[in-house]
Amino acid sequence: MSLKVSELTKLFGSTAAVDNVSFEIDKPSVVGFLGPNGAGKTTTMRIITGFLAPTKGTITIDGESVGPDNFKLRSKIGYLPESNPLYTELEVHEYLKFAGELSGLSAEATQERLEYVVARCGLKEVLYEPIFQLSKGYKQRVGLAQAIIHDPEILILDEPTSGLDPNQVVEIHSLISELAKEKFVVLSTHILSEVQALCNRVFIINKGKLVLDATSEELQHGGTGNISVLVRTRSTLDEVKNVFENALQPKRLSLKEEGGAISLQLAIADSDSNDVREKIFDVCVSNGFKMLGLYSSGSDLEKVFRQLTVGNDETGQ
Amino acid sequence: MKRDSNNWTALLKKEILISLKTPAAYVVIIVFLLISGYMFADSLFLSNVATLRPFFSLTSILFLFFIPALTMRGFSEEFRNGTIELIVTHPISRGKMITAKLLSSYIIVVASLVPTLFYFIVVASLGDIDAGAAFAGYIGLLFLAAGYVSVGIFASSLTQNQVAAFIIALFLLFIFFILDKVTALTTGSVAYVLQYASSDFHLANFYKGVIDFRDVVYFGGIVFFFSSLTAKWLELKFK
């Protein structure tokens, strides 16, 4: 199983809602899409599910390309859209049967799966109630049951816990964690604690661009978090940049002059070493840079999020 | 797990189930039957002829309103509720999606014609009815309904507002209806084309008891044309 997104771009008019996003998921896990409202999370998910066609780029599942015309591949995906649309006139069992059969399950297989998802999502007592009578929490569970009824390999959940009370959030989280043992779960959220509680891997997306791709361990140990270094040297900005790029292969690197010194912002993907500050120190020493300051701010997701998405003007999709 | 390629019937079942659960469809059908029943009874004793022809021509006019009222929900409600996102992300082609929408509305139109068979019984008991012409007339109505439903479903795919979908469908159908009424203003081949494009012109043959292949092709063509247009439009919409 693998889900591969390469160079995905989606333009609405001349605005890029998704801008050259690439990533790959190759083992069962929960991947959290994090970003401010309008950052491009929903659009990315809609393209993965085949609802929208990308302007550029490809998405492949097990090497097969997803597109608005590849209908067969869609039975591998379970999708809970952002607004959790439901046919509220239908009773819960009618709706779930509809979802199962529309996914291509036979009537018997649907019945079998129906029993499983009803038990799993705790829908037994509302099974014969029309959906419009249900509380928001139950509706969300119905939406989730719909997404998993055909036993898909990939689950795309767009803000699965929005509007739920804390107890319901915990229930949905435990359900998602359970499902993630054997499935790829991609969920979007703007609740940072949800990411910390649930996700093995975090993508931060801002203004359509993927600005962070890190595992939760990397986030916790500061491996890829932002490291600030202040050095004094006679070398130019470009020379310093080259030295750091060659020595550490940072995922991100930005430099600026600051009162006669050079300030660097680094992010390094290196999960083997718990602390890259030693390496940075060595680089500085061997190149004759005088280190004035070194600060790692990697462990705090909220800080990373702020740093990467600050100044977002909430435009786009 | 067994995968079933007839999954579009799930959509068909869902459509009919929702129609049965919402009062709107019942109201529309009852209004249709009340008006057609009243007009039928009114004309029956005036004309004093054992024929269903007045009922047929009246029904073809009622269809201008009745069918858009049944089809306006079609795609527009899916757009408004966002449920279109669910359907499109399931393994179902646009063609099958449209087929399910067409068929579900068509089944309801046909079901609402069933009670009108009572008029046939009434007329047959009063006089010597031409059963062949009555049969052909019903076949004509069935073809007309299929064409009108495809126009209505197309209109519903254009907007998420049901009222707008109703008005667009009514407008399009009215054009088909009016075409042969304006032929007096034109001459020669233009008049011929207008006449051929008009739905009433083709219906007239059915009312006479003639089921002509060309008329069948005409209504089949309308269904095909508007279904293809709907498919193309949906394709563009998700680009």
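These numbers were taken from a predicted model, which means no experiment stands behind them. (Residues numbered from 1 in each chain as written. Chains lettered and ligands numbered in written order. Predicted model: local features only at pLDDT ≥ 70, side-chain atom pairs only at ≥ 80, totals over all residues.)

Asker: Even after reading the chapter, I still don't get the overall build of chain A, so can you show me in this structure?
Answerer: Looking only at helices and strands, chain A has ten helices and 14 strands in total. Seen through its C-alpha atoms, chain A measures out along the principal axes to roughly 75 × 40 × 35 Å. When contacts within chain A are restricted to residue pairs at least 6 apart in sequence, those whose partners lie at least 24 apart make up 70%. (Helix = DSSP H or I, 4+ residues; strand = E, 2+ residues; numbered from the N terminus. Contact = placed C-beta atoms within 7 Å.)

Asker: Any chance you could explain the pairing of strand β13 (residues 261–267) of chain A here in plain terms?
Answerer: Residues and elements named next belong to chain A. The pairing of strand β11 (residues 227–232) with β13 spans five bridges and is antiparallel. Bridging across to β13, V229 finds its partner in L264. Across seven bridges, strand β12 (residues 252–258) lies against β13 in antiparallel orientation. Each residue of the ladder has a partner; that of R252, found in β13, is A267. Linkage of β12 to β13, two consecutive antiparallel strands, is achieved through a turn of two residues, within which G259 is found at a positive phi near 55°. (Pairing = 2+ DSSP bridges.)

Asker: Sorry if this is basic, but what is going on with the sheet that holds strand β2 (residues 15–25) of chain A here?
Answerer: The pairing of strands in a sheet comes from backbone hydrogen bonds and takes either a parallel or an antiparallel form. Residue and element names in this part refer to chain A. The antiparallel open sheet is built from four strands, whose spatial order is β2-β1-β4-β5. Every other strand in the sheet has two partners, leaving β2 and β5 (64–65) as the edge strands with one partner each. Direction of pairing for strand β1 (residues 3–12) relative to β2: antiparallel, over a ladder of seven bridges. Opposite L11, over in β2, you have A16 as the bridge partner. Sheet contacts for helix α1 (residues 41–48): β1, β2 and β4 (56–61); angle to β2, the most-contacted strand, approximately 60°. (Axes fitted to C-alpha atoms, helices over the stretch in contact; angles between N-to-C directions.)

Asker: Help me understand helix α12 (residues 213–237) of chain B, please; the structure alone is not making it clear to me.
Answerer: Each α-helix turn comprises 3.6 residues. Residues three or four places apart therefore point the same way. Relative to the 36 Å expected for 25 residues at 1.5 Å per residue, α12 of chain B spans 36 Å between its end C-alpha atoms, a close match to the ideal helical length. At its buried positions, α12 of chain B is contacted by α6 (94–113), α8 (131–158) and α11 (199–207) of chain B. (Expected span 1.5 Å × (residues − 1).)

Asker: Would you mind going over the domain arrangement of chain A with me for this structure?
Answerer: How large an interface is tends to be reported as the accessible area lost when its parts come together. For chain A, the domain assignment lists domain 1 (3–219) and domain 2 (227–296). Centre-to-centre separation of domain 1 of chain A and domain 2 of chain A, based on C-alpha positions: 39 Å. (Domains from an automatic or database assignment.)

Asker: Is there a simple way to explain the interface of chain A and chain B in this structure?
Answerer: Counting residues at the interface gives 28 residues for chain A and 25 residues for chain B. Among the secondary structure elements, those contributing two or more residues to the side of chain A that touches chain B are β6 (77–80) and α2 (92–102) of chain A. A total of four residues in the side of chain A that touches chain B trace back to one element, the largest contributor, which is α2 of chain A. Taken together, the residues that form the side of chain A that touches chain B break down as 15 nonpolar, seven polar and six charged. (Nonpolar A, V, L, I, M, F, W, Y, C, P; charged D, E, K, R; others polar.)

Asker: It is not clear to me how the nonpolar core should be interpreted in this structure. Could you clarify?
Answerer: One broad trend across soluble globular proteins is that nonpolar side chains are buried collectively. In this structure, V185 of chain A together with A145 of chain B are the most contacted members of the largest nonpolar core, which totals 126 residues. Sort the elements by how many residues they give to this core and α8 of chain B lands first, with 13 residues. Beyond its immediate stretch of four places on either side in the chain, A145 of chain B contacts F63, I67, Y106 and V109 of chain B. I227, F244, I262 and L266 of chain A belong to the second largest nonpolar core, which has 15 residues in total. (Core = buried A, V, L, I, M, F, W, Y, C linked by C-beta atoms within 7 Å. Buried ≥ 20, exposed ≤ 12 C-beta atoms within 10 Å, placed from the backbone.)

Asker: So what exactly am I meant to see when it comes to helix α2 (residues 23–47) of chain B here?
Answerer: Residues and elements named next belong to chain B. For α2, with 25 residues, the first-to-last C-alpha span of 36 Å sits near the 36 Å given by 1.5 Å per residue. Residues of α2 that are buried include every one of A25, V28, I29, F32 and S36, and no others. Where α2 terminates, the next one or two residues include N48, which has phi positive at roughly 60°.

Asker: Which parts of the structure should I look at to understand the sheet that holds β11 of chain A?
Answerer: Residue and element names in this part refer to chain A. As summarised here, the arrangement of the four strands in space is β12-β13-β11-β14, forming an open sheet in which the pairing is antiparallel. Since the sheet does not close on itself, it has two edges, and those belong to β12 and β14 (290–296), each with one partner. Neighbour-to-neighbour, the strand axes of this sheet turn through a mean angle of 15°, independent of strand direction. Lying over the sheet, helix α8 (residues 237–248) contacts β12 and β13, oriented at roughly 150° with respect to β12.

Asker: What exactly am I supposed to notice about unusual backbone geometry here?
Answerer: Excluding glycine, most residues fall at negative phi; most peptide bonds, likewise, are trans. Residues and elements named next belong to chain A. Its identity is not glycine, yet N20 carries a phi of approximately 55°, on the positive side. By the element assignment, N20 lies in strand β2. Taking the C-beta count within 10 Å as the criterion, N20 has 14 such neighbours and is therefore assigned partly exposed. Its identity as a non-glycine residue notwithstanding, N84 has a phi of 45°, on the positive side. If you trace the backbone, N84 turns up in the loop between β6 and α2.

Asker: What am I meant to see in the confidence of the model for chain B here?
Answerer: If pLDDT is low for a region, its predicted coordinates should not be looked at in detail. Summary statistics for chain B give a mean pLDDT of 90 and a share of 98% for residues scoring 70 or more. Scoring the predicted complex yields pTM 0.81 and, for the interface, ipTM 0.89. (pLDDT = per-residue confidence, 0-100.)

Asker: Would you mind going over the environment of L73 of chain A with me for this structure?
Answerer: All names here are of chain A. Among the secondary structure elements, L73 is positioned in the loop between β5 and β6. Between the alpha carbons of L73 and D62 there is a distance of 9.9 Å; along the sequence they are eleven residues apart. Contacts of L73, omitting those with residues within four sequence positions, involve I61, E64 and V66.

Asker: Can you help me understand the pairing of β1 of chain A in this one?
Answerer: Consecutive residues of a regular strand have side chains that alternate between opposite faces of the sheet. Pairing of β1 of chain A with β4 of chain A involves five bridges; the strand directions are antiparallel. The partner of T9 of chain A across the bridge, within β4 of chain A, is K56 of chain A.

Asker: Got a minute to help me understand the confidence of the model for chain A in this structure?
Answerer: Averaged over every residue, the pLDDT of chain A is 85; residues scoring 70 or more account for 92%. Contacts of residues 312–317 of chain A to residues separated by more than four positions or lying in other chains number 20 contacts, the stretch itself having pLDDT below 50.

Asker: Help me understand the packing of α8 of chain B against α11 of chain B in this model?
Answerer: All names here are of chain B. Contact geometry of α8 with α11 gives a least axis separation of 7 Å together with a crossing angle of 155°. Of the possible angle classes, the one that applies to α8 and α11 is roughly antiparallel. From α8, A133, A136, G137, I139, G140, L144 and G147 reach across to α11, where they touch S199, L203, F206 and Y207. For the contact of α8 with α11, the class distribution of residues is seven nonpolar, four polar and no charged. (Parallel < 35°, antiparallel > 145°, perpendicular 65-115°, else oblique.)

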